[in-house]
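# Notes for the structure review
Here's the letter readout for the chains.
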Amino acid sequence: MGRGLAVVSAAVPAFLPFLLALFLLSSVLTPLHIAAVGAPHSPPSLSASASASASAAGERPVVFVLKIEGEITEGTYLDISEGIESAEKEGASAVLVEINTPGGLADAMLKTSESILNAKVPVVTYVAPEGAICASAGSLILISGHLAAMSPSTTVGAAMPVVIGAEGVQKADEKTIKFFAAHFRSVASARNRNETQAERFVTENDVLSEKEALERGVIDIVAADESELLREIDGMNVKVSGENITLNTKDAILYFREKSLRSRILEVLSNPQIAVILLIVGIYGLIFGFMSPETYVPEMVGAICVVLALYGMGFFSVSAFGILLIVLAVILFIAEALTPTFGILTTGGAICLVLGALLLPKEPFMFSEGVFEGFLMTVVGVGVASAAFFLFAAAKIIRIRRKKPKVGELMGRTAKVIAEINGEGGLVKVRGEIWKAKSVNGEKVSEGETVEIVEREGLTLLVRKRQ
């Protein structure tokens, strides 16, 4: 048994980096893709103080540009709210929110929309660049702006809330759909937009091109780029906090505000896909850390990952049943490693892990289908990798148990005391294995000292202090 545990524990440091690498890959590739899309449309940034000074001096007006790219999460809300607050303090003429998103978390969508609705500076929402999408949760953010615009070859809509289950992606219950439909309608009414069409985004999953959105009163203008948009809206009147304001945006200086480190971190952690991976890695790390005393690395990595996962899960509802299934999966995997059943427990563990990860997110989401496909692939990938690892560990344990013990190999070797050896015995570690030990002359040997192996009695080693 001890040798089997040693094999599993020794393999853990190689397994944890694999899952951590999977986590980093998931969180890093998306920002790189976004940067590649957005870079050609981003002129050089200016400092906020310089922009405000230019505006105060009666020179060119300043427009803050904020970007919503990729999935809408808690980090998105933080970035938009901080950007609007900064624009208000700096006296910007307007805020331009550029949107290119497949959707996101419902709660983050509602809070982002609320920030725009309560802004004390004109906010122009704009689906850009050409070919961009404003799906699901992005639709509400678009119609929340004081003015709404789209680039050519863009789309908006498909905002029916959905939930994740063992059967896959399904539409939310009627109560949830009615709530979001009414909210979309309310926001559209506040901005004098087509209430019926806004409601149909939720109830009928309508998708509109930029021309259709303009014809149906969902947006106010179609513009090819920022420059054309700012020229077209210059001189338009909007109501901000109950006051009529005339926009001054012609030849404006564009200030592309960078995301704060805090918003970037929250953007990653509040992604359910990342939270699931962190939780699984954390549970594995803690369990294997307790199985392998004095290694410290697995439990340290596990504790950090669990804390990060719980922090990230604070931004979306979590199913207790999903967590229980994940914990059961880990227990079955460990049981397979300790008492190999030739894959029976591993199969059950893999099924529980996949189902638990799929059932973990509980709140209704507003994503496009492509996002769920990526989530499913990640979950299945983690389940298969976990099953493969524990089958490998079980096979190694079986092979070791079938070998005839060679006691002579231990005689004369040195071992490290990891639990004080006294009259009742203690523990020593030799060749990565933990053994019970007794002193040949009955003397106490303190933890951390080195001893020499003299003989073996069953599963207990007889040792003496090294001379």
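Whatever comes next refers back to the structure up there.
Described in the following lines is the structure provided in the data block. (Residues numbered from 1 in each chain as written. Predicted model: local features only at pLDDT ≥ 70, side-chain atom pairs only at ≥ 80, totals over all residues. Heavy atoms only, no water.)

### A word on the sheet that holds strand β1 (residues 62-69)
- What the six strands build is an open sheet, ordered β11-β6-β4-β2-β1-β14; its pairing is parallel. Each edge of the open sheet carries a strand with a single partner, namely β11 (221-222) and β14 (253-256).
- Against the sheet, helix α3 (residues 74-90) touches β1, β2 (94-100) and β4 (123-127), its axis set at about 180° to β1. (Pairing = 2+ DSSP bridges. Helix = DSSP H or I, 4+ residues; strand = E, 2+ residues; numbered from the N terminus. Contact = heavy atoms within 4.5 Å. Axes fitted to C-alpha atoms, helices over the stretch in contact; angles between N-to-C directions.)

### A closer look at the nonpolar core
- By size, the foremost hydrophobic cluster in this structure holds 49 residues, and its most contacted members are Ile-84, Val-95, Leu-142, Ile-143, Val-156 and Phe-184.
- Considering every element that reaches this core, the biggest residue donor is helix α6 (residues 174-190), with six residues.
- Counting residues in hydrophobic clusters, the runner-up holds 35 residues, among them Ile-277, Val-330, Val-354 and Phe-389. (Core = buried A, V, L, I, M, F, W, Y, C linked by side-chain atoms within 4.5 Å. Buried < 20%, exposed > 50% of the residue type's maximum accessible area, 1.4 Å probe, protein only.)

### Notes on a nonpolar patch on the surface
- There is a patch of nonpolar side chains on the surface, built from Val-297, Met-300, Ile-304 and Leu-308 and spanning about 350 Å² of accessible area.
- Mapped onto the secondary structure, Leu-308 falls in helix α12 (residues 297-313).
- In this structure Leu-308 comes out as partly exposed when scored by relative accessible area, which is 31%. (Patch = residues over 30% accessible without salt bridge, like charges linked within 9 Å, V, L, I, M, F, W, Y side chains within 5 Å. Areas by Shrake-Rupley, 256 points an atom, 1.4 Å probe, with all protein chains shown as cover. Salt bridge = Lys/Arg side-chain N within 4 Å of Asp/Glu carboxyl O.)

### Some details on the side chain of Gln-197
- Within the secondary structure layout, Gln-197 lies in helix α7 (residues 195-203).
- Among the residues examined, Gln-197 registers a relative accessible area of 4% and is labelled buried.
- Polar side-chain contacts of Gln-197 include one of 3.2 Å to the side chain of Asp-206.
- Non-local contacts of Gln-197, meaning those with residues more than four positions away in its chain, are made with Asp-206, Leu-208, Arg-216 and Val-218. (Polar contact = N/O pair within 3.5 Å; in protein donor to acceptor, adjacent residues only side chain to side chain.)

### Comments concerning α3
- Taking 1.5 Å per residue as the helical rise, α3 with its 17 residues ought to reach 24 Å, and the 24 Å between its terminal C-alpha atoms agrees with that figure.
- Taken together, the buried positions of α3 are occupied by Glu-74, Gly-75, Thr-76, Leu-78, Asp-79, Ile-80, Ser-81, Gly-83, Ile-84, Ser-86 and Ala-87.
- On its buried face, α3 sits against β1, β2, α4 (106-117), β4 and α10 (261-269).
- Residue Gly-91 follows α3 closely and has a positive phi angle near 70°. (Expected span 1.5 Å × (residues − 1).)

### As for the packing of α3 against α10
- Taken N-terminus to C-terminus, the directions of α3 and α10 make an angle of 155°; their axes are 6 Å apart at the nearest point. If you check the angle between α3 and α10, you find them roughly antiparallel. Facing Glu-74, Gly-75, Leu-78, Asp-79 and Glu-82 of α3, the residues of α10 in contact are Arg-262, Ser-263, Leu-266 and Glu-267.
- When the residues that make up the contact of α3 with α10 are grouped by side-chain class, the tally is two nonpolar, two polar and five charged. (Parallel < 35°, antiparallel > 145°, perpendicular 65-115°, else oblique. Nonpolar A, V, L, I, M, F, W, Y, C, P; charged D, E, K, R; others polar.)

### Considerations on the sheet that holds strand β10 (residues 207-209)
- The sheet built from three strands is open, its strands ordered β5-β7-β10 with mixed pairing. The strands lining the two open edges of the sheet, one partner per strand, are β5 (133-135) and β10. Taken over all neighbouring pairs, the strand axes of this sheet differ in orientation by 15° on average, direction set aside.
- Relative to strand β7 (residues 155-157), β5 is paired through three bridges, and the arrangement is parallel. When the bridges of β7 are listed, Cys-134 appears paired with Val-156.
- Docked against the sheet, helix α5 (residues 137-144) engages β5 and β7, running at close to 105° with respect to β5.

### Here's the deal with the pairing of strand β12 (residues 237-240)
- Here β12 shows a clear split, with Val-238 and Val-240 buried on one side and none of Asn-237 and Lys-239 buried on the other.
- Bridge analysis of β12 against strand β13 (residues 243-246) gives four bridges, and the strand direction is antiparallel. Looking at β13, one finds that Asn-237 is bridged to Thr-246.
- Following β12, the chain reverses through two residues before pairing antiparallel with β13; Ser-241 in that reversal takes a positive phi of roughly 55°.

### Concerning the pattern of salt bridges
- Counted according to the given criterion, the structure contains 12 salt bridges.
- Of the charged contacts in the structure, one is a salt bridge between Arg-257 and Glu-82, with a shortest N-O distance of 3.8 Å. A residue pair is termed long-range when its members are at least 10 positions apart, and Arg-257 in the loop between β14 and α10 and Glu-82 in helix α3 qualify at 175 residues.
- A salt bridge links Lys-111 to Asp-107; its shortest N-O distance comes to 3.8 Å. Of this pair, Lys-111 and Asp-107 are both found in helix α4, four residues apart, which corresponds to roughly one turn of the helix.
- We classify Lys-111 as partly exposed; its relative accessible area is 23%.
- Owing to a relative accessible area of 34%, Asp-107 belongs among the partly exposed residues under this scheme.
- A network of salt bridges, in which partner residues are shared, links Glu-74, Asp-107 and Lys-111.

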